[in-house]
Amino acid sequence: MNRVGFTTTIPIEILLAAGRMPVDLNNLFITSGRSRQLIEMAELEGFPRNICGWIKGIYAATLESGIKEIIAVTEGDCSNTRALMEVLSLRGITAIPFAFPGDRNPESLRLEIEKLMEHFGVGWDAVNRSRERLDRIRRKVWEIDRLTWQENLVTGEENHYYQVATSDMNSDPDGFESGIDTFLEKVHTRKPFRDTLRLAYIGVPPIIEGFYPFLESRGARVVFNETQRQFSMPYGITDLVEQYRAYTYPYDIFTRLADITVELEKRGVDAVIHYVQSFCFRQIEDMVVRQTLSLPVMTLEGDKPAPLDARTGIRIESFLEMVGDRL
Amino acid sequence: MRIGIDLGSRKVKFAVVANGSVIRLADYDTLSFYKRFGRMVDDELTFDLAGTGMFAVDELVNPSIVVTGYGRNTLSYKDAKVISEIRAHVAGAKFQTGLKDFTLLDLGGQDTKVAMVSNGRLADFVMNDKCAASSGRYLESMATILEVSLDELSSHWEHPVPLDSTCGIFGESELIGQILRGHPIARLCAGVNQTLVKRVLPMLKRFPSPNLVLTGGVALDKALVRLLEQQTGQPVLVPEHPQHNGAIGCAVIESIRV
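Here's a quick rundown of the structure. (Residues numbered from 1 in each chain as written. Chains lettered and ligands numbered in written order. Predicted model: local features only at pLDDT ≥ 70, side-chain atom pairs only at ≥ 80, totals over all residues.)

## Details of the overall build of chain B
Scanning chain B from N- to C-terminus turns up eight helices and 13 strands. Relative to the globule expectation of 18 Å for 258 residues, the C-alpha radius of gyration of chain B, 19 Å, shows essentially globular dimensions. Its C-alpha atoms give chain B principal-axis dimensions of roughly 60 × 40 × 30 Å. By residue count, 41% of the 258 residues in chain B fall in the buried class. In chain B, the proportion of contacts linking residues at least 24 apart, taken out of those at least 6 apart, comes to 68%. (Helix = DSSP H or I, 4+ residues; strand = E, 2+ residues; numbered from the N terminus. Rg over C-alpha atoms; globule rule 2.2 N^0.38 Å. Buried ≥ 20, exposed ≤ 12 C-beta atoms within 10 Å, placed from the backbone. Contact = placed C-beta atoms within 7 Å.)

If you want it as structure tokens, here you go:
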């Protein structure tokens, strides 16, 4: 098989240079159309109920897809991934560990990247060529992001989709790029949104469905998707090691908050929704988020893939009301 | 005349306000109210308010009705304005207490809400979302296990037996275990009240204020109020009509700004 799965964003430049097809296992799980059943499958096999839904979803989606080789990010994401590697290896899947060094040390990160390059048998020239290819696509996605907050032409969900898809370029960079081109042509014919509230969405991408349209039906649009934007590597850095050091997601919360604070100001955001996954260590970091940001913050917790439930809807509406009253 | 309706998970509460004062309050069990007086007309829920016997005929000519409560997102109510629970409860608490700066703790049948009100406006709030073990329903089920009335349950606060289950259902078997150990019912009742206080304290700690207002049906539990005062180290203000606070808020919201 040509496909290589991964548990969170890794330098896909290496996979493309090696002629392998990158598959973000999160995307595979959540877009499968059967994400709820996949979670049930994992639970029937013995995954505890009180473990992150993404881990269970990735497990079942990997088995179902027939992917035989995955890159497991063992540092910089969650430690559940280590156990995920172990149980997948029991099912005959090769798991290659990759670690984002917690101290963002460039030498350590270079070593990790070069280990991965060695595994796939590629050198720096080929990797840099594929980075240039990917950067051409990424620049178009940065433009979609700019059109979201500066020109108000793009919905929160579209902004989410195009940015989140850059983690694996939908496993088809050429097809993904032509989809972007079509979208960019279409979007310029729109009339700008006239939102009453501008929101930021921070944290991991949502597992719940219908979140962005729900907000927009109440006059509030997400103009900043934090992690999704990070996937699109919006730095303009040409050194691969430095690019993955600038990438904030796998590092500490303070690194992330430095980026978030700049973007909130730049984009004229009124309020922040901090999404946390049930049973995730990032729920603890919510305390730091709340103490650091001066804007109103609502913490939203999601567990399994499901439509936005009535209680969460009530909380969001009340939050929007409160923020609206303050302006 | 203004009518406020709070469609709670256990009770439907009504408040009628005229000339700035509450002139009537009423409540019904939620299910029986929906069965007897609710009807779907063109995908909209309508209530046969005349049928409740609560209102004179002339009171229902062009009435001003404001509704809040669980389920309001999935249904629309004919002839009524719908507002969020938080807004309704804050309006009710402001009206009933006359305060402008306070922390509101509302403990309902399923909901636990904590709202911070500064200078008369809602500044921030939290609500339970994944678990309802800090609600009135927990007290009801524990009272059933102990075979005591809610009045009895709410009269004991001294020497609580520690109960540690996170889950309201496992809490039942834990309680049975403590009964078998021979603890007196009074101490077990106190333990149940104490458990609820422990569950809401982390939410309260987020919004410290010298004025703590307690509303919702659970505010009628005097033992719980006492334990809450003991553990927060501050007086707890329970307005005159805690259970009807949301309905009162609906009835007065047009006249006060929240």
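## So, the overall build of chain A
Looking only at helices and strands, chain A features 15 helices and eight strands. Taking 20 Å as the expected radius of gyration for a compact globule of 327 residues, we find that chain A reaches 19 Å, a close match to that expectation. Based on the C-alpha atoms only, the size of chain A along its principal axes is roughly 55 × 45 × 35 Å. Per-residue burial for chain A yields a buried fraction of 46% across its 327 residues. Once local pairs closer than 6 in sequence are excluded, the contacts in chain A between residues at least 24 apart make up 71%.

## Things to note about the sheet that holds strand β1 (residues 3-6) of chain A
Residues and elements named next belong to chain A. The parallel open sheet is built from four strands, whose spatial order is β2-β1-β3-β4. Because the sheet does not close on itself, it has two edges, and the strands there are β2 (21-24) and β4 (94-99). Pairs of neighbouring strands in the sheet enclose a mean axial angle of 30°, with direction left out of account. Examined bridge by bridge, strand β3 (residues 69-75) and β4 share six bridges and lie parallel to one another. Note that in β4 the partner of V73 across the bridge is F98. Along the sheet, helix α5 (residues 80-90) makes contact with β3 and β4, crossing β3 at roughly 155°. (Pairing = 2+ DSSP bridges. Axes fitted to C-alpha atoms, helices over the stretch in contact; angles between N-to-C directions.)

## Some thoughts on the interface of chain A and chain B
Taken together, the contacts link 13 residues of chain A with 14 residues of chain B. The element that contributes the greatest number of residues to the side of chain A that touches chain B is helix α15 (residues 310-326) of chain A, accounting for eleven residues. Residue classes in the side of chain A that touches chain B are distributed as four nonpolar, three polar and six charged. (Nonpolar A, V, L, I, M, F, W, Y, C, P; charged D, E, K, R; others polar.)

## With respect to helix α2 (residues 85-97) of chain B
Because each turn of an α-helix spans 3.6 residues, side chains separated by three or four positions in sequence point in the same direction. Residues and elements named next belong to chain B. Look at α2: 18 Å from first C-alpha to last across 13 residues, which is about the 18 Å you get at 1.5 Å a residue. Counting buried positions along α2 yields twelve of 13 residues, so the element is predominantly enclosed. Those residues of α2 lying buried are E85, I86, R87, A88, H89, V90, A91, G92, A93, K94, F95 and Q96. (Expected span 1.5 Å × (residues − 1).)

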